[in-house]
Each structure stands twice: as structure tokens, then as C-alpha cells.
Amino acid sequence: MDYQAFFEDKIGALRTEGRYRVFADLERKAGAFPRARFHDADGKVREITVWCSNDYMGMGQNQMVIDAMHEALDRCGAGAGGTRNISGTNHYHVLLEQELADLHQTESALLLGSGWMANMTALSTVCALVPDCLVVSDAKNHNSMIEGIRHSKAEKRIFKHNDVADLDAILGQYPKDRAKLVAFESVYSMDGNISPIKEILDVCEKHNAMSFLDEVHAVGMYGHRGGGVAERDGQMHRVTIIQGTLAKAFGVVGGYIAGTAALCDFVRSYGAGFIFSSSLPPAVAAGARASIAFLKEHNELRERHQERAATLKRRLTEAGIPVLPSVSHIVPVFVGDPVLCKQASDMLMAEHDIYVQPINYPTVDRGTERLRFTPTPLHTDADMDHLLAAIKDVWSRLGLKQAA
Ligand SMILES: *Cc1c(COP(=O)(O)O)cnc(C)c1O
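Here the structure is a predicted model, which is why all the values come from computation and not from measurement.

A. Molecular detail of the sheet that holds strand β12 (residues 255–259). One open sheet holds the 7 strands; their spatial order is β4-β12-β11-β10-β7-β5-β6, and the pairing between them is mixed. Each of the sheet's edge strands pairs with one partner strand only, and the pair in question is β4 (108–112) and β6 (155–159). Across this sheet, the average inter-strand angle for adjacent strands is 20°, counted without regard to direction. Sheet topology places strand β7 (residues 180–185) next to strand β10 (residues 210–214); 5 bridges connect them, and they run parallel. Bridging from a neighbouring strand, Val 182 pairs with Ser 211 of β10. Sheet contacts for helix α6 (residues 164–171): β5 (134–138), β6 and β7; angle to β6, the most-contacted strand, approximately 150°.

Laid out in C-alpha cells, this is it:
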């Protein structure tokens with residue numbers, strides 16, 4: 001077999017479909033977010049404005065976070081030096097896990113290499129080892145949850161997205177004493193909708209099921225202390241396993257779960273993705289801890305964040321741009337075609353110095369391709385003026401769909 005030809009064919013297929021991924025080569029500028037330097041294909045460099053960062057609160061450039069990372073780097077050096085079990089537990093990891101347990105008001109928390117690893121490891125471990133566990137998973141769950149469930153080889157059922165009645169009906173088909181886990185998210189990041197956490201937890205309790213809630217797009221941003229939508233809704237104490245990331249609103253990197261001491265100790269003791277992977281650098285743990293502590297105390301940033309998102313949605317809608325019905329900080333704009341979506345993104349970058357990545361299949365369904373804007377507390381009115389003018393220009397020149 002000609003292996004190289006095979007690889008090239010597979011890539012060619014993506015190009016034909018218009019969904020070959022090109023990464024924007026950026027240099028983020030601390031102190032100037034959402035500005036960044038963009039290195040284009042010709043090697044030229046210019047300043048652009050980022051409109052699609054998951055550094056939702058701009059914490060990646062927060063001075064307290066940077067200072068905490070510098071201090072830990074100077075004290076402890078670059079890497080952690082091992083897995084958690086073999087010399088890689090640094091005091092900053094211990095402090096961060098305490099901070100996370102406090103954030104979610106749980107007995108315990110467990111740090112993993114990323115949010116993806118946290119979902120993969122926790123779900124694959126729990127669902128594989130709890131005897132005859134049935135997993136019921138929301139239809140729009142993130143890839144990391146799907147992979148974790150699949151890896152567990154547990155029996156899996158899918159419930160319709162955010163549909164509590166469908167979830168109830170599925171769970172009702174199984175004996176009450178059968179072990180069950182319901183996996184779902186709070187904020188779904190491509191549509192920006194939010195799940196009915198209380199109602200889902202009611203159904204979980206009715207059927208004696210564990211609940212697994214991915215709050216990746218909510219921690220730091222919802223709830224009075226940034227504990228997520230479950231905190232905002234007064235439901236945090238009812239969730240069996242809360243999962244989150246340190247890489248989005250907290251602006252650093254890493255993932256975690258929070259829950260009872262027994263649950264966290266169980267994943268710590270049996271989870272392959274925890275046991276066999278080296279721990280995060282101490283400076284990363286120190287920065288994440290400083291970021292969480294900062295956001296706990298700064299609810300006004302969350303208010304400003306929501307105001308910025310609401311303002312952008314309103315202004316786009318007034319301009320006839322088709323904003324999908326998001327109830328969160330995420331502002332998805334419908335295009336509905338992969339090639340046009342990429343063209344719109346390219347024109348915004350090339351002609352208006354605006355960076356928004358096209359979102360195509362498999363991240364979203366075919367025919368629902370979109371531009372996904374994530375305004376942060378640091379995007380100004382002037383940034384929005386500039387964006388609105390640019391997007392109106394691109395929409396009319398490409399003949400893109402207007403709002404109904
Ligand atoms: C980004 C994301 C993850 C993975 O988190 P990382 O820390 O980036 O690995 C998990 N779940 C959802 C819903 C996500 O969007």
C-alpha cells in the first residue's frame with residue numbers, strides 16, 4: 001500500500017468538501033487582548049482583533065495570574081517531574097485541588113492534564129467499573145464525553161438534546177436498581193444554549209442515576225463565585241460529578257473533576273488517564289489557582305461579560321445578521337455552507353483584521369456551518385463598531401443569508 005498517497009487522498013477529500021482546517025498563526029499580546037499579531041501565509045505580520053477566543057474573560061493576561069505563574073516558575077522550575085504518584089505531585093497541585101473543591105463546594109477535586117482527559121478518564125473509569133452501568137448521554141455531548149463512554153464499553157443510550165421527558169422515558173425502561181449515569185453539559189458551546197439542570201437532576205434522582213455535568217463553558221462565568229450554571233441555579237450540591245477546564249474562562253490549561261472524596265479517590269486510584277500521565281507544570285497549577293480565586297471575587301467581570309454578549313447579539317440582529325438563539329455568552333452567526341463560511345472568515349481576516357474561525361462539520365452538523373463570536377469583557381464598543389461594519393460588508397458581498 002502507498003501510505004503517503006492514502007494520507008494525501010484523505011486530506012484532499014476534506015479540501016473538496018471545503019472543510020480542510022487552516023490554523024491562524026497568532027502571537028497573543030499580554031496586556032493588549034483581544035489584539036494579537038497574525039502571521040499570514042506570506043510571512044507578513046499584522047495586528048488583528050480576536051473574536052473567537054475561549055479565553056472568555058481575558059484571564060490569560062490577568063496580571064495576578066501572570067505573577068503567580070512567574071513566582072511558581074522561579075521557585076519550582078519548568079516541569080512537575082513525573083506522574084502524580086512518582087514524584088510529580090507538587091504543592092501547587094494540592095492547593096489547586098483545594099481551590100477547586102471550594103469553588104464547587106465539594107469534598108474533593110482531582111486535577112487532570114486537560115478537560116478532554118478529565119471527561120475521557122472519569123467517564124471511562126466510572127462507567128467501566130460500576131457493575132452493569134447504563135450510560136444515558138445527551139445527543140449534543142462533546143467528543144471527550146463520547147470517547148470516554150465508548151472506551152468504557154458500557155451500554156449507552158442517547159437522549160434528545162436537553163429533552164427531559166425523553167431522558168425520563170429512557171431511564172424508565174430499566175429497573176430502578178440498575179446502575180445508571182446521565183452525562184450532559186451546562187452550556188453547549190456551539191449553539192450557546194443551556195441545559196435544564198434542575199429538571200435533569202430531578203429525573204436522575206427519580207431513577208437513582210448518577211449525574212455527570214460538563215461545565216467547561218460555564219466555570220468562571222456563571223454563578224456568584226464562578227462555580228458554573230449549577231451554582232447559578234442552586235443545583236451544585238446535587239450533581240454527582242462536576243467536570244471543568246482551566247483552559248477557557250480561567251485562561252490557563254488543565255482539567256478536573258469535583259465530587260465526593262470517595263469518587264475523586266476512586267478516579268485517582270483507577271483512572272488510567274490520571275495514573276499514567278505526567279502532571280501539569282507547577283506554574284500552570286499556580287496560575288490556574290490564582291485565576292479561580294480572582295474570578296470568585298469579581299462578579300462584576302461576569303456582569304460585564306454578559307452585557308457585552310447581549311449587546312453584540314442585539315447589534316447584529318438589528319443589522320439583519322442571522323444570530324442563532326443563544327441564551328449564553330456565545331454569539332453564533334448562521335452561514336449554512338462550509339465554503340461560504342470559510343470565505344467569510346477569510347475576508348474578515350484579510351480585509352478587516354478581524355479573526356473569527358469558521359465552524360464546520362464535524363464540530364457542528366452539515367448545513368449549520370457558522371461563525372462563532374465570543375465577546376469578552378475586554379471587547380470595547382469601538383471593537384463592536386468595527387466588527388459590525390466589517391460583517392455587513394462581507395454579508396452583502398458574499399450574498400449571505402439575512403435574519404428572517
Ligand atoms: C473544550 C471542551 C472540553 C475539553 O477541555 P480542554 O481543557 O480544552 O481539553 C470538554 N468539554 C467541552 C464541552 C469542551 O468544549
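More follows now that the structure is in view.
B. Structural view of the site of the ligand. Close to the ligand lie 13 residues, the nearest being Gly 115, Asp 214, His 217, Thr 245 and Lys 248. Note that an oxygen atom of the ligand is positioned 2.8 Å from one of the backbone N or O atoms of Trp 116. In isolation the ligand offers 380 Å² of accessible surface; the protein chains occlude 85% of this area. The greatest single-element share of the shell around the ligand, amounting to 3 residues, is contributed by helix α4 (residues 115–129). A class-by-class count of the residues in the shell around the ligand yields 2 nonpolar, 8 polar and 3 charged.

C. The domain arrangement of the chain, seen in detail. Per the domain assignment, the segments making up the chain are domain 1 (3–56 + 299–329 + 344–398) and domain 2 (63–296). Contacts between domain 1 and domain 2 engage 18 residues on the former and 23 residues on the latter. Taking both sides of the interface into account, the surface hidden between domain 1 and domain 2 amounts to around 1,600 Å²; carbon and sulfur atoms contribute 54%. It is Tyr 56, Arg 302 and Arg 372 that lose the most area in domain 1 upon contact with domain 2, and together they represent 33% of the buried surface on that side. On inspection of domain 1 and its partner domain 2, the count reaches 1 salt bridge. Taken together, the connections running from domain 1 to domain 2 amount to 14 residue pairs in polar contact (both at pLDDT 80 or more). Secondary-structure elements contributing two or more residues to the side of domain 1 that touches domain 2 are α12 (299–318) and β16 (370–373).

D. Up close: the sheet that holds strand β3 (residues 45–50). Ordered by their spatial adjacency, 4 strands build an open sheet running β1-β2-β3-β14, and the pairing between neighbours is mixed. With one partner strand each, in any of the chains shown, β1 (25–28) and β14 (354–355) form the two edges of the open sheet. As paired strands, β3 and β14 are joined by 2 bridges and run parallel to one another. Across the sheet, Thr 49 pairs through a bridge with Ile 354, a residue of β14.

Procedures and definitions
Residues numbered from 1 in each chain as written. Predicted model: local features only at pLDDT ≥ 70, side-chain atom pairs only at ≥ 80, totals over all residues. Heavy atoms only, no water. Pairing = 2+ DSSP bridges. Helix = DSSP H or I, 4+ residues; strand = E, 2+ residues; numbered from the N terminus. Axes fitted to C-alpha atoms, helices over the stretch in contact; angles between N-to-C directions. Contact = heavy atoms within 4.5 Å. Near = heavy atom within 4 Å. Polar contact = N/O pair within 3.5 Å; in protein donor to acceptor, adjacent residues only side chain to side chain. Areas by Shrake-Rupley, 256 points an atom, 1.4 Å probe, with all protein chains shown as cover. Nonpolar A, V, L, I, M, F, W, Y, C, P; charged D, E, K, R; others polar. Domains from an automatic or database assignment. Buried area = accessible area lost by both parts, 1.4 Å probe. Salt bridge = Lys/Arg side-chain N within 4 Å of Asp/Glu carboxyl O.

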